[in-house]
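Summary of the model geometry
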Amino acid sequence: MPDTADAALVSDLRHATGRFPRDSRLAALVRDLNAGNERFAELWAKGKVTANREVRKTVDHPSVGPVTVDCDVLTDGDTELKIVIMTAAPGSEDETKLQLAIVVGPPAGTRN
């Protein structure tokens, strides 16, 4: 599961660098990630660019613990706007945790 989510994020970033090749902040981000994150560098070297519409991942929420969610990505190709909708299997422990995470919100001292 983490491999799929990681690969999707790296693929999205690679897509962005293709669309915005002169963006210096984006180039700096890729350089920093390549230098400081072995997993990122490995995925980046594969050179894959795909349309990522859905992925399953586990989010480690500080108040409720790990929650496995399905992420559906809605994309506006003209503006690069992405909306990620996270859901959990109906009736599952993950659904209960996701609902609880919504109620408790982020930990004190973090930004929304």
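**Focus on the nonpolar core**
With nine residues, the main nonpolar core is built from A5, V55, V64, V67, V69, C71, A88, L98 and A101. Put simply, the parts of the chain that give this core at least two residues each are β2 (65-76) and α4 (93-104). Top element by residues in this core is β2. It accounts for three residues. Each residue touching A5, except ones within four places of it in the same chain, is listed here: V55, R56 and K57. Membership of the second largest hydrophobic core comes to eight residues, among which are V10, A16, L26 and V30.

**Things to note about the pattern of salt bridges**
Scanning all chains against the criterion turns up five salt bridges. The partner of R56 in a salt bridge is D70, and the shortest N-O contact between them spans 2.7 Å. In this pair, R56 sits in strand β1 (residues 54-61) while D70 sits in strand β2, placing the two residues 14 residues apart along the sequence. Relative accessible area serves as the criterion here: at 44%, R56 is assigned to the partly exposed category. When its relative accessible area of 24% is taken as the criterion, D70 is described as partly exposed.

Conventions we followed
Residues numbered from 1 in each chain as written. Predicted model: local features only at pLDDT ≥ 70, side-chain atom pairs only at ≥ 80, totals over all residues. Heavy atoms only, no water. Core = buried A, V, L, I, M, F, W, Y, C linked by side-chain atoms within 4.5 Å. Buried < 20%, exposed > 50% of the residue type's maximum accessible area, 1.4 Å probe, protein only. Helix = DSSP H or I, 4+ residues; strand = E, 2+ residues; numbered from the N terminus. Contact = heavy atoms within 4.5 Å. Salt bridge = Lys/Arg side-chain N within 4 Å of Asp/Glu carboxyl O.

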